[in-house]
Amino acid sequence: MKNQAGVSLSLLLASVCAQGAVYPFSDNFESGLGAWQAGGQWGVTALTAYSPSHAACDSPAAFYANNQDASLTLASGVSLAAATRPALAFQRRHALETGWDFVRVELSTDAGQSWAQLPGAAYTGSEPAWPREQVDLAAFAGQGAVRV
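**Student:** Tell me about the side chain of S108, and please be specific about residues and values.
**Tutor:** Within the element layout of this structure, S108 appears in the loop between β9 (103-107) and β10 (116-123). Exposure remark for S108: the relative accessible area of 0% places this residue in the buried category. Within the structure, the side chain of S108 is placed 2.9 Å from the backbone nitrogen of G112, a separation counted as a polar contact. Apart from the residues within four sequence positions on either side, S108 is in contact with Q113, S114, W115, A145, V146 and R147.

Following this line, the structure appears as structure tokens:
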């Protein structure tokens with residue numbers, strides 16, 4: 001069975017640094033995938049979105065293929081060197097074959113050589129409502145270049 005999965009990464013990587021300033025990276029995909037490296041069929045769609053009119057989608061114009069391993073990776077790392085309480089927040093929606101197909105959010109601190117799955121950030125089944133997720137990144141505070 002093939003399903004279409006749309007994952008909006010209307011994304012905010014935020015922290016509070018020692019001086020109290022906000023430490024953000026944010027992307028709502030209104031300007032495309034410029035900050036991202038797409039592996040597989042990832043693209044931008046206007047068919048459904050949480051942000052004003054666009055979302056990143058692993059299969060923007062069709063069903064995703066069987067046995068597909070697709071990724072959307074932040075092209076350059078975000079420094080959390082001065083972060084005190086970093087968090088990753090995003091909206092998501094998906095239609096996946098329950099128990100067979102998954103979306104996982106992972107972080108890398110070594111330019112993508114290895115990845116750590118974020119606890120509580122793996123999804124299967126269907127979610128049509130764009131819930132907001134927020135994941136604590138305290139384990140990554142002080143890291144120089146974090147990739148999502």
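**Student:** Pulling in residues and values, what's your account of the pattern of salt bridges?
**Tutor:** Going through the model one piece at a time under the given rule, you end up with one salt bridge. Across the pair E133 and R92 runs a salt bridge, and its minimum N-O distance is 2.9 Å. Here the residue E133 occupies a position in strand β12 (residues 132-136), and R92 occupies one in the loop between β7 (87-91) and β8 (94-95), the gap between them amounting to 41 residues. E133 sits in the buried class, given a relative accessible area of 16%. Overall, R92 belongs to the buried group, its relative accessible area being 11%.

**Student:** Describe the nonpolar core, and please don't skip the residues or the numbers.
**Tutor:** If you look at the biggest cluster of nonpolar residues, it comprises 26 residues, and the most contacted ones within it are L88, V105, L107 and L118. Residue assignment for this core shows that the elements contributing at least two residues are β6 (71-74), β7, β9 and β10. V105 has contacts with L88, F90, A116, Q117, L118, A121, Y123 and V148, leaving out every residue within four places of it along the chain.

**Student:** Tell me what's going on with the packing of aromatic side chains, and back it up with residues and numbers.
**Tutor:** Under the definition given, this model contains one aromatic pair. When the ring of F29 is compared with that of W36, the centres are 5.8 Å apart and the planes differ by 40°; the resulting orientation is tilted. Taking relative accessible area as the criterion, F29 reaches 0% and is therefore assigned buried. The exposure class of W36 is buried, given its relative accessible area of 6%.

**Student:** Tell me about unusual backbone geometry, and name the residues and values.
**Tutor:** Of note, the phi angle at F29 is positive, near 65°, even though the residue is not glycine. In this structure, A111 is a non-glycine residue whose phi angle is positive, near 60°. With respect to the helices and strands, A111 occurs in the loop between β9 and β10.

Analysis parameters
- Residues numbered from 1 in each chain as written.
- Predicted model: local features only at pLDDT ≥ 70, side-chain atom pairs only at ≥ 80, totals over all residues.
- Heavy atoms only, no water.
- Helix = DSSP H or I, 4+ residues; strand = E, 2+ residues; numbered from the N terminus.
- Buried < 20%, exposed > 50% of the residue type's maximum accessible area, 1.4 Å probe, protein only.
- Polar contact = N/O pair within 3.5 Å; in protein donor to acceptor, adjacent residues only side chain to side chain.
- Contact = heavy atoms within 4.5 Å.
- Salt bridge = Lys/Arg side-chain N within 4 Å of Asp/Glu carboxyl O.
- Core = buried A, V, L, I, M, F, W, Y, C linked by side-chain atoms within 4.5 Å.
- Phe/Tyr/Trp six-rings, centres within 6.5 Å; stacked < 30°, edge-to-face > 60°.

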